[in-house]
Amino acid sequence: MSYTYGQEERPYALYVHGMGSGAKSGTKTSLAHYLGGYEWLTPELPLDPVEALSVLDDYAHVFAPALVAGTSLGGLYVLYVDAPEAVKVAVNPTYNIDTILRRVGYGKHAYLCEREDGATEYVIDEPLVKLYAQFRDSHTPVDVSRKLALFSSDDEMVGREPSKQNARMYEKFGYEIVWSDKFGHRMNQAAAKLLSSLLG
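Residues numbered from 1 in each chain as written. Predicted model: local features only at pLDDT ≥ 70, side-chain atom pairs only at ≥ 80, totals over all residues. Heavy atoms only, no water.

Caption draft 1: Structural detail: the environment of K88. Tracing the chain through its elements places K88 in strand β5 (residues 87–91). Since its relative accessible area comes to 0%, K88 is described here as buried. In this structure, the C-alpha to C-alpha distance between K88 and K147, residues 59 residues apart in sequence, is 4.9 Å. Among all residues touching K88, those that are not within four sequence positions of it are V68, V78, L79, Y80, V81, A83, V142, V144, R146, K147, L148 and Y175. One polar contact links the side chain of K88 to the main-chain carbonyl oxygen of L79, over a distance of 3.3 Å. (Helix = DSSP H or I, 4+ residues; strand = E, 2+ residues; numbered from the N terminus. Buried < 20%, exposed > 50% of the residue type's maximum accessible area, 1.4 Å probe, protein only. Contact = heavy atoms within 4.5 Å. Polar contact = N/O pair within 3.5 Å; in protein donor to acceptor, adjacent residues only side chain to side chain.)

Right, dumping it as structure tokens:
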């Protein structure tokens, strides 16, 4: 499916934000700038992973995106989005989400952008950690013909060794692994530019 902009038709791309973000994430702006050949969709996701994947699958079924890209927790969701015809891109995906959330710390955390649902903070606790681990362990990745995982060599949130562990898992799932020192955990303009060059 494509989106008509004036006389130009552009395929849809689905951006999957991370846990502390929302539909108004600035990452979408960077992606739209460097990957302007797509019409970008950014649904706002609830904390519950089963509900979040349901939202993403609904978007995938309605819009048939040519590209599905996600960062952090969004990069974990990318594995499972039911979009078998899309190119999939995971940036600093948190496959070992339970380990990472415990490292981030229990308690209240502020969202990094204004949320459409009005929420300003979320809570990490042991039940939430177990919920994500159960979600990951009970789902099977949806395979696609092209899969790319982009990792920061200096991920300040995840850490070097956990990032390597995540990369090994994505390699196991058939993802092409690319490392870069041009960004940290969050995708910045340098990461979006790199992704644009990798996707051609």
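Let us keep going from here.
Caption draft 2: Fine view of the layout of surface pockets. The computed volume of the largest pocket comes to approximately 400 Å³. G20, S72, L112, M157 and H185 are the residues nearest the centre of the largest pocket, which is lined by 26 residues in total. At the level of secondary structure, the elements contributing two or more residues to the lining of the largest pocket comprise α4 (97–104), β6 (107–110) and β7 (121–124). Among the residues making up the lining of the largest pocket, the classes are represented as 13 nonpolar, 11 polar and 2 charged. (1 Å grid on protein atoms, 1.4 Å probe; cavity = no way out; pocket = protein on both sides within 12 Å on 5 of 7 lines; lining within 4 Å. Points joined across faces, edges and corners; volume = space filled by probe spheres on them. Nonpolar A, V, L, I, M, F, W, Y, C, P; charged D, E, K, R; others polar.)

Caption draft 3: Geometry of the nonpolar core. M19, V68, L76, Y77, V81, Y132 and Y170 are the most contacted members of the largest nonpolar core, which has 36 residues in total. In terms of residue count, helix α3 (residues 73–80) provides more of this core than any other element does, 6 residues in total. Not counting chain neighbours up to four residues away, the residues in contact with V68 comprise L14, V16, V78, V81, A83, A86, V87, K88 and V89. Among the nonpolar cores identified, the runner-up in size contains 18 residues, and L67, V91, F183 and L199 belong to it. (Core = buried A, V, L, I, M, F, W, Y, C linked by side-chain atoms within 4.5 Å.)

Caption draft 4: Seen up close, the packing of helix α2 (residues 49–63) against helix α5 (residues 126–138). Axis separation between α2 and α5 bottoms out at 9 Å; the angle between their running directions is 50°. Classified by the angle between their axes, α2 and α5 sit oblique to one another. Here P49, V50 and L53 of α2 come into contact with α5, specifically with L131, Y132 and F135. Along the lines of polarity and charge, the residues of the contact of α2 with α5 split into 6 nonpolar, no polar and no charged. (Axes fitted to C-alpha atoms, helices over the stretch in contact; angles between N-to-C directions. Parallel < 35°, antiparallel > 145°, perpendicular 65-115°, else oblique.)

Caption draft 5: View of α4. Here α4 has its buried residues at I97, D98, I100 and L101. Relative to the axis of α4, the buried residues are bounded by an arc of 165° and lie together on one face. Buried residues in α4 make contact with α3, β7, α5 and α6 (160–172). (Arc of directions from axis to C-beta.)

Caption draft 6: Highlighting the pairing of strand β4 (residues 67–71). For β4, a buried count of 5 out of 5 residues is recorded, marking the element as mostly surrounded by other parts of the structure. Residue alternation in β4 divides its side chains into two sets, L67, A69 and T71 and V68 and G70, and both sets are buried. When β4 meets β5, the two strands line up parallel, connected through 5 bridges. Residue A69 lies in a different strand from β5, and its bridge partner there is V89. Note that the unit made of β4, α3 and β5 has a crossover that is right-handed. (Pairing = 2+ DSSP bridges. Right-handed = clockwise from strand over helix to strand, strands pointing away.)

Caption draft 7: The arrangement of the packing of α4 against α5 in detail. Where α4 meets α5, the closest approach of the two axes is 8 Å, and the angle between their N-to-C directions is 160°. In terms of axis orientation, α4 runs roughly antiparallel to α5. In the crossing of α4 with α5, the sense of the turn from one axis to the other is right-handed. Judged by residue contacts, I97, D98, L101 and R102 of α4 engage E126, V129, Y132, A133 and R136 from α5. Residues belonging to the contact of α4 with α5 are distributed by class as follows: 5 nonpolar, no polar and 4 charged. (Left-handed = near helix turned anticlockwise from the far one by under 90°.)

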